[in-house]
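Commentary on secondary and tertiary structure
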Amino acid sequence: MRDDAVSRRKFLGVSAAGLAMTSTARAAGKTGGDAKPGGGKGDKGAAFPKDFVWGVATASYQVEGAANEDGRGASVWDTFCRKKGAVFEGDTGETACDHYHRYKDDVALMKTLGVKSYRFSVSWTRVLPNGIGAVNGKGLDFYSRLLDELGKANITPMLTVFHWDYPEALYKRGGWLNRDSADWFAEYTALLADKFSDRVKLWVTQNEPQCFIGLGHLDGAHAPGDKLKFGDYLLAAHNGMRAHAKAVQALRAHAKDPKATKVGYVLSAQIAQPASDKPEDAEAARAATFAVAGRHPWNNAWWTDPVVLGKYPEDGVAEYGKDMPKFKPSDLDEMKQPIDFLGLNIYKADTYRRGADGKPERLPTPPGYPRAGSDWQTITPASIYWGPRFFYDRYKLPLSITENGLAVRDHVFLDGKVHDPQRIDFMHRYLSELGRAIKEGVPVGSYYAWSLLDNFEWSDGYKQRFGLVYVDYPTQKRVPKDSFDWYRKLIASNGKALNEKTALPAAKVTP
Ligand code: GBH
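First things first, this report covers the structure right here in the doc.

What counts, and where the lines are drawn
Residues numbered from 1 in each chain as written. Predicted model: local features only at pLDDT ≥ 70, side-chain atom pairs only at ≥ 80, totals over all residues. Heavy atoms only, no water. Salt bridge = Lys/Arg side-chain N within 4 Å of Asp/Glu carboxyl O. Helix = DSSP H or I, 4+ residues; strand = E, 2+ residues; numbered from the N terminus. Buried < 20%, exposed > 50% of the residue type's maximum accessible area, 1.4 Å probe, protein only. Pairing = 2+ DSSP bridges. Axes fitted to C-alpha atoms, helices over the stretch in contact; angles between N-to-C directions. Contact = heavy atoms within 4.5 Å. Expected span 1.5 Å × (residues − 1). Phe/Tyr/Trp six-rings, centres within 6.5 Å; stacked < 30°, edge-to-face > 60°. Lys NZ or Arg CZ within 6 Å of the ring centre and 35° of its normal.

Right, let's get into the pattern of salt bridges. Evaluated as defined, the whole model comprises 29 salt bridges. Linking Asp305 and Arg394 is a salt bridge whose minimum nitrogen-to-oxygen distance equals 2.8 Å. With a gap of 89 residues between them, Asp305 in helix H12 (residues 301-309) and Arg394 in helix H15 (residues 383-395) connect regions that are remote in the sequence. A relative accessible area of 3% places Asp305 in the buried class. Using a relative accessible area of 32% as the deciding quantity, one classes Arg394 as partly exposed. When the shortest N-O distance is used, the salt bridge between Lys481 and Asp410 registers 2.7 Å. Of this pair, Lys481 sits in the loop between strand S13 (477-480) and helix H17 (482-492) while Asp410 sits in the loop between strand S10 (399-404) and helix H16 (421-439), and the two are 71 residues apart along the sequence. There is no split in this pair, since Lys481 and Asp410 are both buried. Beyond isolated ion pairs, a larger network of salt bridges with shared partners links Asp410, Asp420, Arg423, Asp454, Arg465 and Lys481.

Here's what the structure looks like:
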């Protein structure tokens, strides 16, 4: 063992699985789940199934721009961006990547990249300016043109119905606090199914309820910027999940080909990874992944158990006590609508071991530990191994990695290119770990890199760049980064390039 590794272990007092960046925790078979670990010694390298879907993702408000064009109505993000101090440098999504006008160029980039699928979201107020009622044909036309362009490029769309840009008009009517919000969402979803289900078979109802409810209504860091009382926040969450379920029903009822229609729900997956390869640490990490502990939105079970299992998790119910919303028992039955897959957005994990008292204990992040441009993101590749395992074991649903990526403060180098070895190294490490989970039987069918383009990173404005393609916002010039080329080769090899030591700058760091 190298000296630095020894001291890191001493610092932590445990063998440093996730914290050593490359995972050494391989005792997965003992975790009691259904996914059967194969692998073992001599079984090296990544292997992705033939039909594995490589993709890229974006979201409407983050890329489209054209905020005041062709009849689009205001969303809570338009309003929030105008609030002093709400967004870094007062940035807004008014122009963003101008994808609304440049979608053909962007689809051409995707074609060059060789992705099989594109995950994007629809701007609710572009198609229904007031959220419900009058339909805006010009808004629908945009998505229709986009879908046709994707069709020509042979790229399968994954349509996210809602990625945070909630109609201002509905917010004024109480938003998610209004019980009718679930029906409003179903009306909107039914419209999309009517118009687009001839070309769209892959659907996501909502992206990251933890964020649009939690960051938007409890924490206030995201639009609409509310800091509700805890009980009201839980009511908003409850209605959000009712809305998801009604959207599932609307899709089943309105899709042109219900059998071919696959509906998913996407979480901001909060992963706990084990500190060592000891089974008890894996169990501690699993317990921490699904615990509802603390009066904050950063957990999984609160947002997933009701819609998949039909009940609120007991630890959360106990913790929230009298703040629990009052609701009809039939709500829980209605919330549990069969879905076809769970989407996990995985960026990082926290590290846990079994504590002296037998309970999961979170370990501190060592000083100077590798981080992204976004402070919240530690570089923890094993997150994308353990996360899918734990989610599959609990919910028994096929999985998609609907987002994964790294914020880097990229710039154009003197040679005119954007060199982003950090992102390549990140993707190499994370995809190797994902490949390992898949090899061990965890049913992950697709991976969407976040993001195709640098884009509007919510309250961080344009400070953080997540793209495989650099965007020079003043000129809207697109510059594919080194990682674009790396991902292109990776897709062309169906993941095998992860094993080629010479092909990639990051090759030496993965086993
Ligand atoms: C995703 O959100 C979004 O879907 C996407 O729109 C966004 O651009 C992308 O990721 C990159 O950020 O861990 O307590 O410090 C990720 C949202 C941001 C949620 C960080 C949790 C930190 C809370 N996550 N946030 S904490």
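Alright, that's what it looks like, and here's the rest.
Pairing in this open sheet of three strands is mixed, and the strands run S6-S8-S9 from one edge to the other. Taken across any chain shown, the strands that pair with only one partner, and hence form the sheet edges, are strand S6 (271-274) and strand S9 (360-362). Mean inter-strand twist for the sheet, computed between neighbouring axes without regard to direction, equals 50°. For S6 and strand S8 (residues 349-354), the ladder comprises four bridges, and the chain directions are parallel. Residue pairing across strands places Pro274 opposite Tyr352, the latter belonging to S8. Where H15 meets the sheet, its contacts fall on S6 and S8, and the angle it forms with S6 comes to roughly 110°.

One closed barrel holds the eight strands; their spatial order is S1-S2-S3-S4-S5-S7-S10-S11, and the pairing between them is parallel. Neighbour-to-neighbour, the strand axes of the sheet open up by a mean angle of 25°, direction not taken into account. Where H17 meets the sheet, its contacts fall on strand S1 (53-57) and strand S11 (444-450), and the angle it forms with S1 comes to roughly 155°.

Time to look at H15. Compared with an ideal rise of 1.5 Å per residue, which puts 13 residues at 18 Å, H15 spans 18 Å between its outermost C-alpha atoms and is within 8% of the ideal. Taking burial as the measure, the 13 residues of H15 include twelve buried ones, the bulk of the element. For H15, the complete set of buried residues consists of Ser383, Ile384, Tyr385, Trp386, Gly387, Pro388, Arg389, Phe390, Phe391, Tyr392, Asp393 and Tyr395.

With that settled, consider the packing of aromatic side chains. Scanning the entire structure with this criterion turns up 48 aromatic pairs. On the numbers, 5.0 Å between centres and 85° between planes, the contact of Tyr385 with Trp386 is edge-to-face. Residue Trp386 is classed as buried on the basis of its relative accessible area, which comes to 1%. Within the aromatic cluster, the residues linked to one another by ring pairs are Tyr61, Trp77, Phe80, Trp164, Phe456, Trp458, Tyr462 and Tyr473. Arg436 extends its terminal NZ or CZ atom over the ring of Tyr385, reaching a point 3.7 Å from the ring centre. In this structure, Lys463 packs its charged tip against the face of Phe88, placed 4.5 Å from the ring centre.

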